[in-house]
Amino acid sequence: MSKSGSNAVGSGQVQRQVQLPLSKAVEIALKSMRVRMGRSILTLITIVMAMAFLTEVWLSNRFGPVIRTELLAKAHLKAHGPPVDGSRLVWLISLSLLVCLVGISNAMLMSVMERFREIGTMKCLGALDSFILKLFVLESIFLGVAGTICGIVLGVVLAVGIMVARYSTAAWPLIPWGGVPWICLAALGIGTAITAAAAMYPAWKAARMEPIAAMRVEV
Amino acid sequence: MVMAAKTAGAVAGREEIVRTIDVVKEYRMGDQTLKALKGVSVTIYRGEYISIMGPSGSGKSTLFNAIGGLDKPSSGKVFIDEVDVAQLDALELAWLRCRKIGYIFQTFNLIPVMTALENVALPMIFGGMLEADARDKAKAILERVELGHRIDNKPSQLSGGQQQRVAIARAFANDPAIILADEPTGNLDLNTGKAIIALLKEMNQERGVTVISATHDLKMLDISDRIFWIRDGEVEKIQRRDEVTIDAGEMH
Ligand SMILES: Nc1ncnc2c1ncn2[C@@H]1O[C@H](COP(=O)(O)OP(=O)(O)O)[C@@H](O)[C@H]1O
Ligand SMILES: [Mg+2]
């Protein structure tokens, strides 16, 4: 059997594709976000808005009753209307969670869907399913963490601002800061988890497709 | 050596690289099934330039996908270098797509956010090559396809013909044994198409790579070693180039 030229392949043997290290996936994911700056920022804004809304609602729910009670005790509050309705707050919190879920999922779904063709192409070039999944999970975690942190900061500012606006600067020293870190931490977990899950699902579906099927998907 | 014994029926001195046996592909749409391939058996030898010719909808792309391991046939077998593609696991299949086969598409399919250089380097990086080496080699191949001056351009900044040159460079990145091209000139004007065909033929000759191209571009006839005429999912006839020139006008 004659060997043709210097081609390393063509030995009649199939080897196994190498698994690229995680650092390579991190590098490609970061680069991919950078070159898609416009799209990344748009997705980021969605996450920031959703998480700011959630954080603000949670914090106001915590701040409001405490400040009200304190101010009532000091008899400052005659002019400030009826007490806060508890059932309405539960409803608001559920709504804010839903807004987060739907808003972030939608943004991530769109940003992955428009790259199905790219996923198919990468598979043709020898990318492993697991590597494609890693890329998208990493990208979404970076976006999720960055967006959620910005959203939380914005949410805290808004919540404090609204308290001061509603109850005047007398509310400032009464704000119960104790629970704030926990609420922020919970929001961080929720924001990142929703973002990663919302990207993982479509990316996993696309990565598992035959490459030609992924390339054929029209968005 | 052991494997060569399996190559029963191969012409002496010619090494088989692709063999399909009775490949059938059915597409199910609702309660209807469409048979896009109705049992295709062909053998392709190393270093050949093969054109799969046929009108639109005849099953060229379906056969291309089956040969390239991009889609699973409904039944039948595809052997690449004596290896049954259906038997490969995910890692082996990825290796095959990465190292053994280079793909070229009608729509170029470059990664839009990457430069020409990055597009060509990507298959090498997937193959485990170091970034710096991959970039050096990508640059050399891009120079070979006369795009040395556009390596930092994004696909959107390149003409169709230039994009297809990048795609060709990318297909050659890992020195594959087989180049599969699906209508590589389909989106190009006459002269650009001619240049792309000439480039494929040059690469075929200087690298000894097997080129398999699905096309209905009659310009391909001149340079093909053999032509598989396909119609309604079946291979109608197989001709050598010297047999084909007379009835080239018959196709449309
Ligand atoms: N994904 C698909 N689903 C259903 N039918 C398909 C699909 N892909 C191709 N076909 C059908 O299979 C036949 C062969 O298609 P194709 O291989 O793309 O032809 P060609 O490349 O020669 O134009 C056509 O009738 C086409 O409509
Ligand atoms: Mg086609």
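We now turn to the structure provided with this report. (Residues numbered from 1 in each chain as written. Chains lettered and ligands numbered in written order. Predicted model: local features only at pLDDT ≥ 70, side-chain atom pairs only at ≥ 80, totals over all residues. Heavy atoms only, no water.)

1. Comments concerning the overall build of chain B
Working step 1: When helices and strands are tallied, chain B shows seven helices and ten strands.
Working step 2: The C-alpha radius of gyration of chain B comes to 18 Å, within 12% of the 18 Å expected for a compact globule of 252 residues.
Working step 3: Along the first, second and third principal axes, the C-alpha set of chain B runs to 45 × 45 × 45 Å.
Working step 4: Within chain B, the proportion of its 252 residues that are buried is 58%.
Working step 5: Considering only contacts within chain B whose residues lie at least 6 apart along the sequence, 70% involve residues at least 24 apart.
Working step 6: When the accessible surface of chain B is totalled, it reaches about 10500 Å², and 50% of it is carbon and sulfur.
Working step 7: Each charge class in chain B was averaged separately, 31 positive and 35 negative side chains, and the resulting centres sit 1 Å apart. (Helix = DSSP H or I, 4+ residues; strand = E, 2+ residues; numbered from the N terminus. Rg over C-alpha atoms; globule rule 2.2 N^0.38 Å. Buried < 20%, exposed > 50% of the residue type's maximum accessible area, 1.4 Å probe, protein only. Contact = heavy atoms within 4.5 Å. Areas by Shrake-Rupley, 256 points an atom, 1.4 Å probe, with all protein chains shown as cover. Lys, Arg positive; Asp, Glu negative; His and termini not counted. Charge placed at Lys NZ, Arg CZ, Asp CG, Glu CD.)

2. A word on the site of ligand 1
Working step 1: Near ligand 1 you find 13 residues, and of these B:G57, B:G59, B:K60, B:S61 and B:T62 are the closest.
Working step 2: Neighbouring residues of ligand 1 are not confined to one chain but are distributed across chains A and B.
Working step 3: Between an oxygen atom of ligand 1 and a main-chain N or O atom of B:G57, the distance comes to 2.6 Å.
Working step 4: One nitrogen or oxygen atom from the main chain of B:S58 is found 3.2 Å from an oxygen atom belonging to ligand 1.
Working step 5: Its free accessible area being 560 Å², ligand 1 has 70% of it covered by the protein chains.
Working step 6: Sorting the residues of the shell around ligand 1 by element identifies β1 (16–29), β2 (32–45) and α1 (60–67) of chain B as the ones contributing at least two each.
Working step 7: A total of three residues in the shell around ligand 1 trace back to one element, the largest contributor, which is α1(B).
Working step 8: Looking at the shell around ligand 1 residue by residue, the classes come out as five nonpolar, six polar and two charged. (Near = heavy atom within 4 Å. Polar contact = N/O pair within 3.5 Å; in protein donor to acceptor, adjacent residues only side chain to side chain. Nonpolar A, V, L, I, M, F, W, Y, C, P; charged D, E, K, R; others polar.)

3. Some points on the sheet that holds β2(B)
All names here are of chain B.
Working step 1: Pairing within the open sheet is antiparallel, and its four strands lie in the order β2-β1-β4-β5. The sheet is open, and its two borders are formed by β2 and β5 (83–84), each paired with just one other strand.
Working step 2: Of the strands in this sheet, β1, β2 and β4 (75–80) are in contact with α1, which crosses β1 at around 125 degrees. (Pairing = 2+ DSSP bridges. Axes fitted to C-alpha atoms, helices over the stretch in contact; angles between N-to-C directions.)

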